[in-house]
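Architecture and fold: a report
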Amino acid sequence: MATRVKRAFKYRFYPTDAQAAELSRTFGCVRKVYNMALAARTEAWARQERVNYNQTSAMLTAWKKTEELAYLNEVSSVPLQQALRHLQTAFANFFAKRAKYPRFKVRKKSRASAEYTSSAFRFCDGRLTLAKMADPLSIVWSRPLPDGASPTTVTVSRDGAGRWFVSLVCQDPSVKPLAATDAAVGIDVGLDHLLTLSTGEKITNPRHERRDRERLAKAQRELSRKAKGEGANRRKARQKVAKIHARIADRRRDVLHRLTTRLVRENQTLVIEDLTVRTMVKNRSLARAISDAAWSQFRSMLEYKAHWYGRDVVAVDRFFPSSKLCSHCGTLQPEMPLNVRTWTCDNCGTAHDRDVNAAKNLLAAGLAVSVCGAGVRPQRRTPGGQSAMKQKTPRREP
């Protein structure tokens with residue numbers, strides 16, 4: 001029996017002038033309601049009081065009755081209520097220590113979105129009509145929805161480059177666990193090569209940002225010369241910069257989707273390293289290269305696809321010395337400078353490629369975690385009894 005998984009299918013669409021104006025008003029109202037509710041909850045928190053979703057919903061009803069905020073009645077009420085639900089989720093994550101304190105939405109020119117539930121849209125024969133609109137959206141159906149699928153929620157968004165997208169969340173019965181296999185792979189991420197597998201395969205780092213760096217720098221210089229304000233020339237220059245960023249992000253996402261899908265289909269167990277990318281990007285000389293490699297995005301894709309298809313992802317502790325450990329005899333090297341890319345074990349004489357050796361050690365440690373149980377932190381001890389920490393700071397980008 002197929003596993004019923006909720007998936008979001010994202011498409012680009014081209015609104016009419018009237019639809020664009022209506023959606024822009026909705027985005028503004030959503031941002032206004034979210035910020036007002038956040039301010040109210042923050043003030044209550046300062047008084048050591050808690051405000052929940054029901055209370056903010058009552059506040060929204062009262063706001064709509066005021067003369068100052070009467071314009072909130074001009075847009076669909078569903079996206080406004082969804083904004084309050086999203087704020088409630090943000091506070092739940094904060095109290096559970098899964099996220100930082102919610103922030104105000106202050107950037108009007110960046111990505112904006114509004115979410116509609118089933119009561120605020122009509123979907124029939126491939127035509128999607130939102131509340132407060134007479135005509136359906138002109139959607140480019142780049143891929144079909146699952147047979148018989150009916151969207152439960154619809155999210156309309158506009159990115160910084162001015163492109164419009166609609167995301168439809170549906171139950172997808174076509175997603176089901178793949179046939180079990182004995183294949184397992186260790187994956188070591190890097191900058192010279194995006195991925196190095198325990199099989200010895202090395203996947204080239206596309207360096208998407210570097211390919212467009214010159215064009216991006218030129219567009220940013222042109223933007224910096226424009227007079228600040230709401231002028232048309234500055235808006236065009238800003239959108240030009242945003243389009244280059246969007247092009248880079250789209251190419252990066254496409255490559256990662258192809259890689260993660262292939263790895264999940266070919267392997268039952270996938271072993272990665274539990275890296276703290278947030279800390280690593282504080283290295284100013286490497287932050288751009290690390291961000292361009294998108295290690296966090298790679299891990300996120302790998303984990304949710306493994307969940308869909310019945311695969312296992314094992315994260316090995318970041319302090320496991322995979323680079324300094326001989327994968328053949330287990331001897332721990334005392335030092336392993338980052339400029340050393342190949343080395344020979346002093347004990348057994350095995351010649352190693354640094355990255356391939358690290359991937360093999362990650363695979364062995366990950367399989368040990370699978371056998372011993374979740375939560376095991378596989379670490380080797382030095383003769384002195386201290387934890388052997390892996391030198392995982394990446395190489396300087398050439």
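Note that this is a predicted model, so its numbers are computed, not measured. (Residues numbered from 1 in each chain as written. Predicted model: local features only at pLDDT ≥ 70, side-chain atom pairs only at ≥ 80, totals over all residues. Heavy atoms only, no water.)

Here's the deal with the overall build of the protein chain
From N to C terminus, the protein chain includes 10 helices and 14 strands. Overall, the protein chain is about 80 × 60 × 50 Å in size when its C-alpha atoms are taken along their principal axes. Here the protein chain holds 398 residues, and the buried ones make up 43% of them. By sequence separation, contacts in the protein chain at least 24 residues apart represent 72% of the contacts at least 6 residues apart. When the accessible surface of the protein chain is split by element, carbon and sulfur atoms take 49% of a total near 22,100 Å². Distance from the positive charge centre (73 side chains) to the negative charge centre (36 side chains) of the protein chain: 4 Å. (Helix = DSSP H or I, 4+ residues; strand = E, 2+ residues; numbered from the N terminus. Buried < 20%, exposed > 50% of the residue type's maximum accessible area, 1.4 Å probe, protein only. Contact = heavy atoms within 4.5 Å. Areas by Shrake-Rupley, 256 points an atom, 1.4 Å probe, with all protein chains shown as cover. Lys, Arg positive; Asp, Glu negative; His and termini not counted. Charge placed at Lys NZ, Arg CZ, Asp CG, Glu CD.)

Observations regarding the packing of helix H2 (residues 53–64) against helix H3 (residues 77–95)
The geometry of H2 relative to H3 is characterised by a closest axis approach of 10 Å and an angle of 145° between their N-to-C directions. As H2 packs across H3, the resulting crossing turns out to be right-handed. The segment H2 lies against H3, with Tyr 53, Thr 56, Ser 57, Leu 60 and Lys 64 engaging Ser 77, Leu 80, Gln 81, Leu 84, Arg 85 and Gln 88. Partitioning the contact of H2 with H3 into residue classes produces 4 nonpolar, 5 polar and 2 charged. (Axes fitted to C-alpha atoms, helices over the stretch in contact; angles between N-to-C directions. Left-handed = near helix turned anticlockwise from the far one by under 90°. Nonpolar A, V, L, I, M, F, W, Y, C, P; charged D, E, K, R; others polar.)

Some details on the packing of aromatic side chains
Tallying each qualifying case throughout the model produces 11 aromatic pairs. Centroid distance Phe 94 to Tyr 101: 5.1 Å. Interplanar angle 85°. Geometry classified as edge-to-face. Given a relative accessible area of 23%, Phe 94 falls into the partly exposed group. Residues Phe 123 and Trp 141 carry aromatic rings whose centres are separated by 6.2 Å and whose planes lie at 65° to one another, so their mutual orientation is edge-to-face. Of the two residues, Phe 123 is situated in strand S3 (residues 121–124) and Trp 141 in the loop between strand S5 (139–140) and strand S6 (153–158); the sequence distance between them amounts to 18 residues. Judged by its relative accessible area of 25%, Phe 123 is partly exposed. Members of the aromatic cluster, connected to one another through ring pairs, are Trp 45, Phe 91, Phe 94, Phe 95 and Tyr 101. (Phe/Tyr/Trp six-rings, centres within 6.5 Å; stacked < 30°, edge-to-face > 60°.)

Structural notes on the side chain of Gln 333
Within the secondary structure, Gln 333 is located in the loop between strand S12 (312–316) and strand S13 (342–344). You can call Gln 333 buried: its relative accessible area is 6%.

Remarks on the domain arrangement of the protein chain
Taken domain by domain, the protein chain holds domain 1 (5–172) and domain 2 (184–207 + 250–372). Of note, the centres of domain 1 and domain 2, computed from C-alpha atoms alone, are 38 Å apart. (Domains from an automatic or database assignment.)

A few points about the pairing of strand S7 (residues 164–172)
For S7, a buried count of 7 out of 9 residues is recorded, marking the element as mostly surrounded by other parts of the structure. Between S6 and the antiparallel strand that follows it, S7, lie 5 residues; Gly 162 among them carries a positive phi value of about 85°. (Pairing = 2+ DSSP bridges.)

Thoughts on the nonpolar core
Membership of the largest hydrophobic core comes to 44 residues, with the highest contact counts inside it found for Leu 23, Leu 130, Val 156 and Val 166. For this core, the elements supplying multiple residues, two or more each, are strand S1 (5–13), helix H1 (17–46), H2, H3, strand S2 (112–117), strand S4 (127–130), S6 and S7. It is H1 that provides the largest number of residues to this core, a total of 10 residues. Apart from residues lying up to four places away in sequence, Val 156 is in contact with Phe 13, Leu 23, Phe 27, Ala 112, Ser 113, Ala 114, Tyr 116, Leu 130, Trp 164, Phe 165 and Val 166. Among the nonpolar cores identified, the runner-up in size contains 30 residues, and Ile 187, Leu 195, Val 264 and Leu 286 belong to it. (Core = buried A, V, L, I, M, F, W, Y, C linked by side-chain atoms within 4.5 Å.)

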